[in-house]
Amino acid sequence: MIKSLLKSKTILFYVVLIIFLYSFISYAYTPDYLMDLDLNAFERRYQNIKKYESDIKVIQNELKAPDAASFIDGTVIKKVLVKDDDESRLNKIAITIDDSFTDKYTEEILDVLDKHNCKATFFITYKLLVANPHRVFEIVDRGHEIANHSMTHPPFKNLHVNRKEWELSTLNDWVKTLTGINMSLCRFPTGSYDKEAVKVANKYNLYPIGWSIDTDDWRFKDLDKIYHHTIAQKVESGSIVLFHNGYVFSKDLFDKLLTYYENEGYSFIKTSDLIYKDNYVVKNGVQEPIK
């Protein structure tokens, strides 16, 4: 009887230990920005907002976008080839901002953009969306556009296809539900993607956007180093420039680089106005119109 009791206690101990270890590991690998999320509330809201997505053709009509099959070769657009007779794009470049770290400096960045009459593209994540939802409205109200940078900012290369779809489609749903905006562009976090990732973007009528000029502001974190590193990269009509918004020097960096580009004879348009929506091919990241 005593041996049997001891054996039962031993089994119970190991069961409890296994449950504890599993819970600890699961918690340890949960992204910080999902820790405080009410998963039950999220699931209820997610199921509700998924209703409008039941017919992909409806979304295509809303976006006035082509079917996924008409995306010529499914390649990320890093730059646009601009012809000399294309006045709407000639001497124009796109300023893009990966809004994935903090919203602390976004307000002053918006002021600098206004100063230079620069209409930019903000690639947002779920973290930024829920941290400060009104900022999305302010960005759009001030003439800029928002685009999909995924829910949780994972590298997309070799990510499971279901996770890829969840990352892009769920953020689309949240933004659509909260703001009524249909996003038409996406950027894969850290620039990591594969052919499957591009197919998923196409499925949700998102043009995948890369960049041809990288400020590397996240790496250098020094105004002068970033400035000289950036201007050393060739700028021309159709260039797409990558910034981030999360640093104390961001305001001065935007002001200095935008001034440089203006002095070089360039002005700024939104990425969606720079790229071709149809009748194009993409070769080595360069989008070219088809005559």
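Small disclaimer: the values here were computed from a predicted structure and weren't measured. (Residues numbered from 1 in each chain as written. Predicted model: local features only at pLDDT ≥ 70, side-chain atom pairs only at ≥ 80, totals over all residues. Heavy atoms only, no water.)

### Some words on the overall build of the protein chain
Note the threshold: A helix here means a DSSP run of H or I that spans at least four residues, while a strand means a run of E at least two residues long, and both kinds are numbered starting from the N terminus. In this analysis, two residues are considered to be in contact whenever any of their non-hydrogen atoms come within 4.5 Å of each other. What sets the accessible areas is the Shrake-Rupley method with a 1.4 Å probe; for residues, cover comes only from the shown protein chains.
Along its length, the protein chain carries 13 helices and eleven strands. The long-range fraction of contacts in the protein chain, counting pairs at least 24 apart against all pairs at least 6 apart in sequence, stands at 76%. With the model as given, the accessible surface of the protein chain reaches about 15,300 Å², and the carbon-plus-sulfur share is 55%.

### Remarks on the pairing of strand β10 (residues 280-283)
The condition that has to hold: Two strands qualify as a pair provided that DSSP identifies no fewer than 2 bridges between them.
For β10 and strand β11 (residues 286-289), the ladder comprises four bridges, and the chain directions are antiparallel. Bridge pairing links Tyr280 to Pro289 in β11.

### A look at the side chain of Ser272
Applied cut-off: Only protein chains enter the accessibility calculation, which uses a 1.4 Å probe. A residue is then buried if its area is under 20% of the maximum for its type, exposed if over 50%, and partly exposed in between. Two N or O atoms count as a polar contact when they lie within 3.5 Å, although within protein this holds only if one can serve as hydrogen donor and the other as acceptor, and sequence-adjacent residues are included solely when both atoms are side-chain atoms.
Inspection of the secondary structure puts Ser272 in helix α13 (residues 271-274). Residue Ser272 is classed as buried on the basis of its relative accessible area of 11%. Polar contacts involving the side chain of Ser272 include one to the side chain of Glu145, which spans 2.7 Å. For Ser272, the contacting residues outside a window of four places in its chain are Glu145, Leu185 and Lys277.

### A closer look at the packing of helix α11 (residues 223-231) against helix α12 (residues 250-263)
For clarity, the cut-off: Axis definition: a line fitted to C-alpha atoms, over the contacting stretch in the case of helices. Angles run 0 to 180 degrees between N-to-C directions. Roughly parallel here means an angle under 35 degrees, roughly antiparallel means over 145, roughly perpendicular means 65 to 115, and every remaining angle is called oblique. Crossings are sorted by hand: turned counterclockwise from the far helix by less than a right angle, the near helix makes the crossing left-handed, and turned clockwise it makes it right-handed. Three residue categories are used. Nonpolar comprises Ala, Val, Leu, Ile, Met, Phe, Trp, Tyr, Cys and Pro, charged comprises Asp, Glu, Lys and Arg, and polar comprises the others, including Gly.
The contact between α11 and α12 brings their axes to 10 Å, and the two run at 30°. With respect to each other, α11 and α12 are oriented roughly parallel. The element α11 and its partner α12 pack so that their crossing is right-handed. Across the interface between the two elements, Leu223, Asp224, Ile226, Tyr227, Thr230 and Ile231 from α11 touch Asp252, Leu253, Lys256, Leu257, Tyr260 and Tyr261 from α12. Among the residues forming the contact of α11 with α12, the class breakdown is eight nonpolar, one polar and three charged.

### Points about the pattern of salt bridges
Selection rule: Throughout this description, the term salt bridge denotes a Lys or Arg side-chain nitrogen within 4 Å of a carboxyl oxygen of Asp or Glu.
By the definition in use, this model includes 18 salt bridges. One salt bridge connects Arg142 with Asp111, and the closest N-O pair in it is separated by 2.6 Å. Placement of Arg142 in the loop between α7 (133-141) and β4 (145-148) and of Asp111 in helix α5 (residues 106-115) is noted, with a sequence separation of 31 residues between them. Taking the relative accessible area as the measure of exposure, Asp111 reaches 41% and is therefore partly exposed.

### Digging into helix α9 (residues 195-203)
Those residues of α9 that fall on the buried side of the exposure criterion are Ala197, Val198, Val200, Ala201 and Asn202. Contact partners of the buried residues in α9: α8 (161-179), β5 (185-186) and β6 (207-208).

### A few points about the sheet that holds β11
One open sheet holds the three strands; their spatial order is β1-β11-β10, and the pairing between them is mixed. Each having just a single partner strand, β1 (79-80) and β10 make up the two edges of the open sheet. Both β1 and β11 contribute to a ladder of two bridges, which runs parallel. Bridge assignment links Lys79 to a residue of β11, and that residue is Val286.

### A closer look at α7
What sets the pattern is the α-helix's 3.6 residues per turn: residues three or four places apart point alike. We apply this condition: Directions from the helix axis toward the C-beta atoms define the arc.
Among the residues of α7, those classed as buried are Arg135, Val136, Glu138 and Ile139. Along α7, the residues classed as buried sweep out an arc of 165° about the axis, all on the same side. Structurally, α7 contributes buried residues whose contacts are with β2 (92-99), α5, β3 (121-124), α6 (126-131), β4 and α8. Once α7 finishes, Gly143 follows within two positions and takes phi at roughly 95°, a positive value.

### As for unusual backbone geometry
In the Ramachandran plot, Asn91 falls in the positive-phi region, its phi being about 60° despite a non-glycine side chain. For Asn91, the location among the structural elements is in the loop between β1 and β2. Residue classification places Asn91 among the partly exposed positions, given a relative accessible area of 37%. Here the phi dihedral of Asn279 falls at roughly 55°; this positive angle occurs in a residue that is not glycine.

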